[in-house]
Amino acid sequence: MYEFNYKKAGSLDEAKALLAGADDGKLLSGGQTLLPTMKQRLAMPSDLIDIGSLAELKGIAVSGDVLSIGAGEKHADVASSSEIRSALPALADLAGMIGDPHVRHMGTLGGSISNNDPAADYPAACVGLDATIHTTDRSLSAEEFFVGMFETALSETEIVVGVDFKVPQKAAYMKFPNPASRYAIVGVMVAQYASGPRVAVTGAGPSVFRQMEMEQALASDFSPGSIEAIRQSPESLNSDLHASADYRAHLVGVMAKRAVEKAS
Amino acid sequence: MISVKTTVNGEERSADVEDRTLLVSYLREHLRLTGTHIGCDTSQCGACVVHVNGKAVKSCTMLAAQAEGCNITTVEGLADGDTLHPVQAAFREYHGLQCGFCTPGMIMSAVDLIRRIPDLDEPTIRQELEGNLCRCTGYQNIVKAIKSAAEQMAS
Ligand SMILES: Cc1cc2nc3c(=O)[nH]c(=O)nc-3n(C[C@H](O)[C@H](O)[C@H](O)COP(=O)(O)OP(=O)(O)OC[C@H]3O[C@@H](n4cnc5c(N)ncnc54)[C@H](O)[C@@H]3O)c2cc1C
Ligand code: FES
Ligand code: FES
């Protein structure tokens, strides 16, 4: 790793000030993406600002049809929270599928969505569960927040504080994991709301997207059969050594059907 | 440079380290606790797993500075004098290691896993070992050792 200065923030305000005052400061949450990237010398921030123990970023609460989770909540705590298990089991399941137990003990919701890895799981939850993302500056819908590959709407000094997920009537997440890394080759979150169904796909494209054709079919008949004939186009999907765009397109259909089946 | 104070295997320890020092280097190079291994540079192998405040983490993917004030257990801290921890004893009994490189991380992960999940069955053990790679054993005897230790510790 290149050299940097480590600073522990005692509050969100202090973290913001430290970010603004640094040459090229970066927030450190669970470190499960940032530290491996720095070890590979793919990033060289001048300062790391540790927000990992800020109480302001913690908390899990259900109020009416909204489940709020602090940006600093770790994957393992989301997976094992009894409140989330009962309000939104699909989200607890998703958190429990991230990486391995050690990664889940450190990695956080805020770190995952801020990084917006095309193969990360949480973006599918945010878009599929119609989430609102609260930052130190404003509130954004998930669709506004995720901009492109490793790119979000966040400014240089903006910090994700928490995410409000809308509790659906039913939902399920299905993922085809890369057998080595466990990241999603394709992951699909399907949710049913009074206002209609949502289908969010991660892993397949440069960034998470909604599969509108499937949403329309599920609106009239929420069953695996209703999306059977829908073919995801491979155009603009990712192609790499793990999977071709054609294969990913095929997996979108398979994972979506399995998710609908699990949710029904 | 920063001074990092921790409690390691029940003893208070401190060392002056660079800001960029990883927890695994703090343990191995500054405290000379070389039981914790480094098997990769991609956070995937799990040879470096230790417990920080009771939770299994990859010490190669955490800064020493982040562990300030924390309670750390390494593989050196498991045995009670000359009496091996039940998981260590089971790895010996079931031949859960060959070269032994992955073993400290496997054992620390297994202790964490047994503590978290009651009534462990074989598929669960295999799934929970996702973050630990072994190039020698084929996992068969590691899984047997963990299952036996879990049963013994529950009784
Ligand atoms: C072996 C391995 C397997 C993995 N498998 C998966 C997987 O299957 N699925 C998956 O989704 N992920 C996986 N991950 C990634 C993991 O989920 C990370 O925890 C996550 O992507 C980043 O969260 P973090 O808290 O560790 O963030 P960090 O690494 O600390 O930070 C990541 C980025 O986000 C920024 N950031 C952090 N917090 C905030 C905030 N509150 N506001 C604004 N910016 C912020 C940081 O500055 C940095 O740029 C894996 C990681 C490893 C090492
Ligand atoms: S050395 Fe830590 S995961 Fe390989
Ligand atoms: S015993 Fe050699 S790597 Fe596991």
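For the structure, check the block above.
Description of the structure in this document.

1. Considerations on the interface of chain B and chain A
Taken together, the contacts link 26 residues of chain B with 29 residues of chain A. Between chain B and chain A, roughly 2,300 Å² of surface is buried when both sides are summed, and carbon and sulfur atoms account for 55% of that area. Taken as a group, B:Arg20, B:Gln66 and B:Glu130 account for 26% of the area that chain B buries against chain A, more than any other trio of residues on that side. Scanning the region where chain B abuts chain A turns up three salt bridges.

2. Brief notes about the pairing of strand β12 (residues 184-193) of chain A
Residue and element names in this part refer to chain A. Among the ten residues in β12, ten count as buried, and that is most of the element. Where strand β11 (residues 170-177) meets β12, eight bridges bridge the pair, whose relative direction is antiparallel. Along β12, the bridge assignment pairs Pro 177 with Ala 184. Hairpin remark: β11 followed by β12, antiparallel, with six residues in the connecting loop; positive phi at Arg 182, about 75°. Hairpin remark: β12 followed by strand β13 (residues 196-202), antiparallel, with two residues in the connecting loop.

3. Focus: the site of ligand 1
Close contacts around ligand 1 come from 31 residues, with A:Leu27, A:Gln32, A:Leu34, A:Thr108 and A:Arg182 the closest. Near ligand 1, the surrounding residues belong to chains A and B. Within the backbone of A:Val160, an N or O atom sits 2.8 Å from a nitrogen atom of ligand 1. A:Ser181 is positioned with one of its backbone polar atoms (N or O) 3.5 Å from a nitrogen atom of ligand 1. Taken by itself ligand 1 offers 980 Å² of open surface, and the protein chains cover 95% of this. Elements that contribute at least two residues to the shell around ligand 1 include exactly β2 (25-28) and α7 (109-115) of chain A.

Scoring rules and cut-offs
- Residues numbered from 1 in each chain as written.
- Chains lettered and ligands numbered in written order.
- Predicted model: local features only at pLDDT ≥ 70, side-chain atom pairs only at ≥ 80, totals over all residues.
- Heavy atoms only, no water.
- Contact = heavy atoms within 4.5 Å.
- Buried area = accessible area lost by both parts, 1.4 Å probe.
- Salt bridge = Lys/Arg side-chain N within 4 Å of Asp/Glu carboxyl O.
- Buried < 20%, exposed > 50% of the residue type's maximum accessible area, 1.4 Å probe, protein only.
- Helix = DSSP H or I, 4+ residues; strand = E, 2+ residues; numbered from the N terminus.
- Pairing = 2+ DSSP bridges.
- Near = heavy atom within 4 Å.
- Polar contact = N/O pair within 3.5 Å; in protein donor to acceptor, adjacent residues only side chain to side chain.
- Areas by Shrake-Rupley, 256 points an atom, 1.4 Å probe, with all protein chains shown as cover.

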